[in-house]
Amino acid sequence: MSERAEMKGPVTRRRRTTITGSGPVKQANGSNSHDAGEKPPQSPGAEAKIDDVTMHPSNGKPDREMGASGQQPPHSPSRKHMSVVEEFNERLSCHVLQESLLSSASGYSNYRGILNWCVVMLVLSNARLFLENIIKYGILVDPIQVVSLFLKDPYSWPAACLIIASNVFILATLYTERRLAVGTISQRAGRILHIFNLTSILIFPAATVLTLTSITPVGGILSLAAYSILFLKLYSYQDTNRWCRQLRRMKAKRLTRSYSCPSVAQSNGSAVQSHVSYPGNLTHRNMYYFVFAPTLCYQLNFPRSRRIRISFLMRRLFEMLFFMQLLVGLIQQWMVPTIQNSMKPFQEMDFSRMVERLLKLAVPNHLIWLIFFYWFFHSCLNFVAELLQFGDRQFYKDWWNSETVTYFWSNWNIPVYKWCLRHFYKPMLRKGVNKFLARTAVFLMSAFFHEYLVSVPLKMFRPWAFMGMMAQVPLAWFVGRFLNGNYGNAAVWISLIIGQPVAVLMYVHDYYVIHYGSTT
């Protein structure tokens, strides 16, 4: 027995067909003559029921009716028919419109496998070089020799004494600011005292290193680096306090009741600390916290973390010790023999051999530089920041993605970049200096400190570091103008990999000629 019913609407026609045997008649909507929930008896001759089918006049393809429960029986003949049709369609057509993965138009960006392959190839190639070095030179790592780089006499520590003497300049800055805050000395006199103090910070250690023969080059570099950092810190300290005095005078002229420099708002998640205001910040505790904090820019209230994480602190300490040993081992085992073998080509001016030595030195030099970056900017600075609960941990950004030279110098050393931007670049712009001259002045100051940290400890004045830094100005212009994207990033990497070994070989060659040339 069959029924036909017309669906509402002009588009589709619905045909409901029920084929019955000797059993009871089952309705199209899924109900039967028995009560709800009671299972009807099945006769042995009952045939399978054909599902309701909806015919679409637009395409002529059957559409299965889902029934009251909204589900299709899994083994219905129409479903089997559709699966067969789909299988044949897959056999007949196997191509779609698409781009190759390595084409830029494909939009594909997951190259993790290729990156892993590059890392594996890098490890294998360097492992071969390391094995070759061991076979050729043997084990050259000597911890006792490392100690001799810092001390000539175990009972004389001139570099350490020189660093301890820096407290004189720290206290001179603090007491000068205290006198300025209470008005004991004039602003002009205070400025002259600060200029004299800051100039002495650079001249005194340089004169000591050049005069004393007991200071080794490594000890001289560490001492001058400490004084250079102190110079930048104390300049920021006096500059910030001068701004607070200017703000206090402005408020006094406006007859306001607040005579304090407003504290800087802390970031989310920072600990609740007692905020200080000017001149309440002029204390020994506040000064020495800033001296040891991993920043060059002073402010009255630093963002603080809630607590010291012991596990984080121990991880950074382990990294500091491990990478320090790794750096010393790589220098002794890899760089020193390569540099020694590079002296003869430089003396004979054999350019082909010089280029070969330069490229051979580029690999260990760059690897050591990368390890030093992680050791200092991540492990050491985070260790100090965690110990002091210093909240601002952005010591570097993604300089490895730099597409311009300017972006690299703005992101690989954030503490120095912030100092230059706050106390050098922006003040020059406020005085009417154009951006190009201000940027060039920043590179000029950086070139001075690079040369200061190399020439003075080596006790020879060669302009290689100065020229290398100033060469960044035309290089930045060329890369920014003619190279974009990946080409600019490659240019930045090439300048880092090749530029540093050139300067290293220049200084080592000149140092070797001056000190050992007469004996060979």
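Nothing here was measured: the structure is a model prediction, and the numbers come from that model.

(A) Looking closely at the packing of helix H13 (residues 414-430) against helix H14 (residues 435-458). Packing of H13 against H14 leaves a shortest axis separation of 9 Å and a crossing angle of 140°. By the angle between their axes, H13 is oblique relative to H14. Relative to H14, H13 is oriented so that their crossing is right-handed. For the pair H13 and H14, the contacting residues are Trp419, Cys420, Phe424, Tyr425, Met428 and Leu429 in the first and Lys435, Ala438, Arg439, Ala441, Val442 and Met445 in the second.

(B) Representation of the environment of Gln389 in the model. With respect to the secondary-structure elements, Gln389 resides in the loop between helix H11 (351-388) and helix H12 (405-411). Distance in space between the C-alpha atoms of Gln389 and Pro303 is 8.5 Å, their sequence separation being 86 residues. Among residues more than four places away in sequence, those in contact with Gln389 are Tyr289, Pro303, Arg304, Ser305, Arg306, Arg307 and Ile308.

(C) Expanded view of the packing of aromatic side chains. Throughout the structure, instances matching the rule amount to 38 aromatic pairs. Centre to centre, the rings of Phe323 and Tyr374 are 5.4 Å apart; their planes meet at 65°, and the pair counts as edge-to-face. With a gap of 51 residues between them, Phe323 in helix H9 (residues 310-341) and Tyr374 in helix H11 connect regions that are remote in the sequence. By relative accessible area, Phe323 is classed as buried at 18%. In this structure Tyr374 comes out as partly exposed when scored by relative accessible area, which is 32%. Ring plane angle 55° and centroid distance 6.5 Å describe the contact between Tyr396 and Trp400, whose orientation is recorded as tilted. Of the residues examined, Tyr396 reaches a relative accessible area of 23% and is grouped as partly exposed. For Lys233, the ring lying beneath its charged end belongs to Phe290, and the centroid distance is 4.7 Å. When the ring centre of Phe312 is taken as origin, the NZ or CZ atom of Arg309, which lies over that ring, is 4.4 Å away.

(D) Representation of the state of the cysteines in the model. Following the criterion strictly, the structure yields zero disulfides and no others. The thiol of Cys420 is unpaired, and the distance to the nearest cysteine sulfur, on Cys297, comes to 8.8 Å.

(E) Main features of the pattern of salt bridges. Counted by the stated rule, this structure contains eight salt bridges. Notably, a salt bridge pairs Glu177 with Arg245, separated by 2.6 Å at the nearest N-O pair. Of this pair, Glu177 sits in helix H5 (residues 167-182) while Arg245 sits in helix H7 (residues 217-253), placing them 68 residues apart in sequence. Just as Glu177 is buried, Arg245 falls in that class too. A salt bridge links Glu386 to Arg393; the nearest nitrogen and oxygen atoms lie 3.0 Å apart.

(F) Region of the structure containing unusual backbone geometry. Here the bond from Tyr278 into Pro279 is cis, since omega is 5°, no more than 30 degrees from zero. Within the fold, Pro279 resides in the loop between H7 and helix H8 (284-292). One non-glycine residue with positive phi stands out, namely Gln389, at about 55°. Residue Lys459 is not a glycine yet carries a positive backbone phi of 55°. Note on placement: Lys459 falls in the loop between H14 and helix H15 (464-470).

(G) Structural detail: helix H16 (residues 472-482). Within H16, the full set of buried residues consists of Gln472, Val473, Ala476 and Val479. Viewed end-on, H16 has its buried residues packed into an arc of 135°, placing them on one side of the element. Exposed and facing more than 90 degrees away from the buried side of H16 are Trp477 and Arg481.

(H) Local environment of the UniProt feature "active site" (unreviewed entry) in the protein chain. Mapped onto this numbering, the UniProt entry annotates "active site" (unreviewed entry) at His450. Along the polypeptide, His450 turns up in helix H14. In contact with His450, not counting residues within four places along its chain, are Ala465 and Met469.

Criteria and thresholds
Each residue is numbered by its place in its chain's sequence as written, counting from 1. For a predicted model such as this one, the threshold for reporting local features is a pLDDT of at least 70, and the threshold for listing and counting side-chain atom pairs is 80 or more; totals across whole chains, interfaces and linings nevertheless cover every residue. Only hydrogens and water are set aside when side-chain values are computed; all heavy atoms of the structure are taken into account. For every element, the axis is a line fit to its C-alpha atoms; helices are fit only across the contacting stretch, and the angle between N-to-C directions ranges from 0 to 180 degrees. Strands are runs of DSSP state E lasting at least 2 residues, helices are runs of H or I lasting at least 4, and numbering of each runs from the N terminus. Note on terminology: angles under 35 degrees are roughly parallel, angles over 145 are roughly antiparallel, angles of 65 to 115 are roughly perpendicular, and the others are oblique. Crossing handedness follows the turn of the near helix against the far one: under a right angle anticlockwise gives a left-handed crossing, and clockwise gives a right-handed one. Should any heavy atoms of two residues lie within 4.5 Å, those residues are considered in contact. Aromatic pairs are defined between Phe, Tyr and Trp rings, using the six-membered ring for Trp, whenever the two ring centres lie within 6.5 Å; interplanar angles under 30 degrees are classed as stacked, those over 60 as edge-to-face, and all others as tilted. Exposure is judged per residue with a 1.4 Å probe applied to protein chains only, and the accessible area is read against the type maximum: over 50% gives exposed, under 20% gives buried, and values in between give partly exposed. By the criterion adopted, a ring carries a charge over it if an Arg CZ or a Lys NZ lies within 6 Å of its centre and within 35 degrees of its normal. Two cysteine sulfurs form a disulfide in these notes if their separation is within 2.5 Å. Each reported salt bridge corresponds to a side-chain nitrogen of Lys or Arg within 4 Å of a carboxyl oxygen of Asp or Glu. This arc corresponds to the set of directions leading from the helix axis out to the C-beta atoms. UniProt positions are given in the numbering used here, feature names are shortened, and annotations may be inferred rather than shown by experiment.

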